[in-house]
Amino acid sequence: DAMVIQNPRYQVTQFGKPVTLSCSQTLNHNVMYWYQQKSSQAPKLLFHYYDKDFNNEADTPDNFQSRRPNTSFCFLDIRSPGLGDAAMYLCATHAATGELFFGEGSRLTVL
Amino acid sequence: DQQVKQNSPSLSVQEGRISILNCDYTNSMFDYFLWYKKYPAEGPTFLISISSIKDKNEDGRFTVFLNKSAKHLSLHIVPSQPGDSAVYFCAVRIYNQGGKLIFGQGTELSVKP
């Protein structure tokens, strides 16, 4: 059974139209991450939560926001998607053993 | 400046032979090293890891080697199977930064029957 679930798997939006991607976890992990991965590139960390403490990476654009209403859920909001924001967005949780557990990703297309 | 580099974007290996995937890093503050495997249209899945206090960790067909003096990490798969064909990412964790991982660019492994 999937432990980190991302919805939707595929999202198509228009240039400038806000998008929300969701992530839920059944692992009860304190830490959740959002990564952005573009083709043939390394996943790039956007931000992470330690419980409710939000940690933004210095180079994450202001266009990207996140919410974590409870331990199980985390959302990625892209306020005004541009063509350059088309990517796979990966949610992950952090186990005490050190590895991250990833969801299957949400692929965003911007028209 | 890339702190984690996988210099080979692709690797092709015959079924049954050994696959060796390499990863170089620059920061001696990394304390934990991991390999992830990714199939198309799926998220990365954890494969194997090694702590900085060890130089080898083995799990079935997968062995990870860590050479701290050379700041080099490698993943050996033996024997390679066609189902191993995927993109492999190495990832490193910075000590005392809340578990944040930095990923390499990935190496696409193709295992031919």
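Located above this text is the structure these notes cover.
All values derive from a computational prediction rather than experimental measurement. (Residues numbered from 1 in each chain as written. Chains lettered and ligands numbered in written order. Predicted model: local features only at pLDDT ≥ 70, side-chain atom pairs only at ≥ 80, totals over all residues. Heavy atoms only, no water.)

Peer 1: Which residues make up the sheet that holds strand 6 (residues 56–59) of chain B, and what values go with them?
Peer 2: All names here are of chain B. The sheet built from five strands is open, its strands ordered 1-3-8-7-6 with antiparallel pairing. On the outer flanks of this sheet lie strand 1 (4–5) and strand 6, each paired with one strand and no other. Alignment of strand 6 against strand 7 (residues 62–67), held across four bridges, turns out to be antiparallel. Directly across from K56, in strand 7, lies its bridge partner F65. (Pairing = 2+ DSSP bridges. Helix = DSSP H or I, 4+ residues; strand = E, 2+ residues; numbered from the N terminus.)

Peer 1: Describe the environment of A:P81, with residues and values.
Peer 2: Within the secondary structure, A:P81 is located in the loop between strand 8 (73–78) and strand 9 (87–94). You can call A:P81 buried: its relative accessible area is 0%. (Buried < 20%, exposed > 50% of the residue type's maximum accessible area, 1.4 Å probe, protein only.)

Peer 1: I'd like a description of the nonpolar core, backed by residues and values.
Peer 2: By size, the foremost hydrophobic cluster in this structure holds 24 residues, and its most contacted members are B:F33, B:W35, B:L73, B:L75 and B:Y88. At the level of elements, strand 3 (19–25), strand 4 (30–38), strand 5 (45–51), strand 7, strand 8 (72–77), strand 9 (86–94) and strand 11 (107–112) of chain B are the ones that each hand at least two residues to this core. The element best represented in this core is strand 9 of chain B, accounting for five residues. Core analysis: the second largest hydrophobic core is formed by 18 residues, A:Y49, A:L76, A:I78 and A:L108 among them. (Core = buried A, V, L, I, M, F, W, Y, C linked by side-chain atoms within 4.5 Å.)

Peer 1: Run through the interface of chain B and chain A, naming residues and quoting values.
Peer 2: With 18 residues of chain B at the interface, the matching set in chain A holds 22 residues. With both chains or domains summed, chain B and chain A bury close to 1600 Å², and 57% of this area falls on carbon and sulfur atoms. For the interface between chain B and chain A, the tally reads zero salt bridges. At the boundary of chain B and chain A, one finds three residue pairs in polar contact (both at pLDDT 80 or more). Looking at the side of chain B that touches chain A, the elements that each hand over two or more residues are strand 4, strand 9 and strand 10 (101–103) of chain B. Considering every element that reaches the side of chain B that touches chain A, the biggest residue donor is strand 4 of chain B, with four residues. (Contact = heavy atoms within 4.5 Å. Buried area = accessible area lost by both parts, 1.4 Å probe. Salt bridge = Lys/Arg side-chain N within 4 Å of Asp/Glu carboxyl O. Polar contact = N/O pair within 3.5 Å; in protein donor to acceptor, adjacent residues only side chain to side chain.)

Peer 1: Give a description of unusual backbone geometry that names residues and reports values.
Peer 2: Of note, the amide linkage connecting A:N7 to A:P8 takes the cis form, showing an omega dihedral of -10°. Inspection of the secondary structure puts A:P8 in the loop between strand 1 (4–7) and strand 2 (10–13). The residue after B:V78, namely B:P79, is reached through a cis peptide bond having omega -10°. Assignment of secondary structure puts B:P79 in the loop between strand 8 and strand 9. Positive phi, close to 55°, is recorded for A:D51, a residue that is not glycine. Note on placement: A:D51 falls in the loop between strand 5 (44–50) and strand 6 (53–56). Relative accessible area serves as the criterion here: at 36%, A:D51 is assigned to the partly exposed category. Here the phi dihedral of B:K71 falls at roughly 50°; this positive angle occurs in a residue that is not glycine. Along the chain, B:K71 falls in the loop between strand 7 and strand 8.

Peer 1: Break down the state of the cysteines for me, citing the residues and quoting the values.
Peer 2: The full count for this structure, using the stated rule, is two disulfides over all chains. The disulfide partner of A:C23 is A:C91, and the S-S distance across this bridge is 1.9 Å. The S-S bond linking A:C23 to A:C91 shows a torsion near -75°; that makes this disulfide left-handed. Note that A:C23 is positioned in strand 3 (residues 19–25) and A:C91 in strand 9, a separation of 68 residues in sequence. Considered together, A:C23 and A:C91 belong to a single accessibility category, that of buried residues. Each sulfur of the disulfide joining B:C23 and B:C90 lies 1.9 Å from the other. Across the disulfide from B:C23 to B:C90, rotation about the S-S bond amounts to roughly 60°, and the bridge is consequently right-handed. Of the two residues, B:C23 sits in strand 3 while B:C90 sits in strand 9, which places them 67 residues apart along the sequence. Both residues of the pair, B:C23 and B:C90, belong to the buried class. Of all cysteine sulfurs in the structure, the one in A:C91 sits closest to A:C74, which takes part in no disulfide; the separation is 5.9 Å. The exposure class of A:C74 is buried, given its relative accessible area of 1%. (Disulfide = S-S within 2.5 Å.)

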